[in-house]
Amino acid sequence: MNMELKVENLDVNYGDKRVVKDVSFDIDSGKIVTIIGPNGSGKSTLIKAVGRCLKPAGGNIYLDGSNIRNMNTKVIAQKLVILPQIKNIASDISVEELVSYGRYPHLKFRRRLNKKDMDIVDWALEKTDLVPLRKRFVTTLSGGEEQRAWLAMSLAQRPEVLLLDEPTTFLDISYQVEILELVKELNKTMGLTVVMVLHDLNQAARYSDTILVVKDGRLWNQGTPDKVMNKRLLREVFRIEVDIYDDRINKCPYFIPKQI
């Protein structure tokens, strides 16, 4: 996969309030990019705008050189998928059926799923270790299993870009690590470009190639975790004092807050 995603002077409003203000950045193909920032800083609004769930008040977003506001929705869905933080689903939907929804952007008018589509569904279930659970209702799954089911649906869409809005929210720590390890593996083996919002700064440092720091709706800083994640960031953006250590195994910094 070789995809270009460019955000240029982006403004996004909620009602009369400007939540994202003049934000610009480029996403390199095949990288994991994580957006961090305090609550209310505009992280989720930004990723929703990139996924065309929200209409910008100004600026542009380009996917493979094309402005997404001018692109056909079905064409975008074949290249880019967004998983929101809160997802609604009927109580009688099986894992297999949910994953099959990922094929719909590729279907022609009134065409049903064919063998090729079902082979891709099988592949997505295998990739996310859900084959034994394919007939289970999604609502009966654990938090981690359900998140993997949604990821499998996204993979069945065969996108080039995966947008994740707080994928570890509401999950126990074991499931958080499970999901992030899966995202990392998909990025490595498939070349999938990932843009996600995370709250846990140590997880952001460990699983990201690039960090985007958002404060008060503006891009405060961006770069590799070892360059961006420092005491100044924690003090000025998150208002905490920390000790910073070097995780030599995972080759990233990690932080322990100091007692106040």
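As the structure is a prediction and not an experimental result, all values here were calculated from the model. (Residues numbered from 1 in each chain as written. Predicted model: local features only at pLDDT ≥ 70, side-chain atom pairs only at ≥ 80, totals over all residues. Heavy atoms only, no water.)

Q: What is the right way to look at the sheet that holds strand β1 (residues 5–14) in this model?
A: Hydrogen bonds along the backbone pair up the strands of a sheet, which may run parallel or antiparallel. Taken together, the four strands give an open sheet; going across it, the order is β2-β1-β4-β5, and neighbouring strands pair in antiparallel fashion. Strand pairing shows two members of the sheet lacking a second neighbour, β2 (17–27) and β5 (66–67), which therefore form its edges. Strands in contact with helix α1 (residues 43–50) are β1, β2 and β4 (58–63); relative to β1, the strand with the most contacts, it is inclined by about 120 degrees. (Pairing = 2+ DSSP bridges. Helix = DSSP H or I, 4+ residues; strand = E, 2+ residues; numbered from the N terminus. Contact = heavy atoms within 4.5 Å. Axes fitted to C-alpha atoms, helices over the stretch in contact; angles between N-to-C directions.)

Q: Sorry, what's going on with the pairing of β1 here?
A: Regular strands place their side chains on alternate faces of the sheet. Taken together, the seven bridges between β1 and β2 define a ladder with antiparallel strand orientation. If you follow Leu5 over to β2, its bridge partner there is Ile27. Linking two consecutive strands that pair antiparallel, namely β1 and β2, is a turn of two residues; a positive phi of about 65 degrees is found at Gly15 within it. As judged from the five bridges shared by β1 and β4, these two strands associate in the antiparallel manner. Within β4, the residue paired with Leu5 across the bridge is Leu63.

Q: Would you mind showing me how to read helix α4 (residues 115–127) here?
A: Taking 1.5 Å of rise per residue, the 13 residues of α4 would be expected to cover 18 Å, and the 18 Å separating its terminal C-alpha atoms lies within 8% of that figure. Here α4 has its buried residues at Asp117, Ile120, Val121, Ala124 and Leu125. Buried residues along α4 cover an arc of 140 degrees about the axis, so they all sit on one side. Away from its buried face by more than 90 degrees, α4 exposes Lys115, Lys116 and Glu126. Contact partners of the buried residues in α4: α3 (95–100) and α5 (143–156). N-capping of α4 is provided by Asn114, with a side-chain oxygen placed 3.0 Å from the backbone N of Lys116. Looking at the residues trailing α4, positive phi occurs at Asp129, about 60 degrees. (Expected span 1.5 Å × (residues − 1). Buried < 20%, exposed > 50% of the residue type's maximum accessible area, 1.4 Å probe, protein only. Arc of directions from axis to C-beta. Polar contact = N/O pair within 3.5 Å; in protein donor to acceptor, adjacent residues only side chain to side chain.)

Q: Quick question: what am I supposed to make of the packing of α4 against α5 here?
A: Each packed pair of helices is defined by two parameters, the angle between the axes and the distance between the axes. Orientation of α4 relative to α5, taken along the N-to-C sense of each, is 140 degrees, at an axis distance of 8 Å. Between α4 and α5, the angle is such that the two are oblique. When the axes of α4 and α5 are compared, the crossing they make is right-handed. On the side of α4, the interface is formed by Ile120, Trp123, Ala124 and Lys127, while α5 contributes Ala152, Leu155 and Ala156. A breakdown of the residues in the contact of α4 with α5 according to their chemical character gives six nonpolar, no polar and one charged. (Parallel < 35°, antiparallel > 145°, perpendicular 65-115°, else oblique. Left-handed = near helix turned anticlockwise from the far one by under 90°. Nonpolar A, V, L, I, M, F, W, Y, C, P; charged D, E, K, R; others polar.)

Q: Help me out: how do you make sense of the environment of Ser154 in this one?
A: Here Ser154 lies in helix α5. Judged by relative accessible area, Ser154 falls into the buried class, the value being 1%. Contacts of Ser154, omitting those with residues within four sequence positions, involve Val81, Leu83, Pro159 and Leu162.

Geometric values such as these leave the question of function open.
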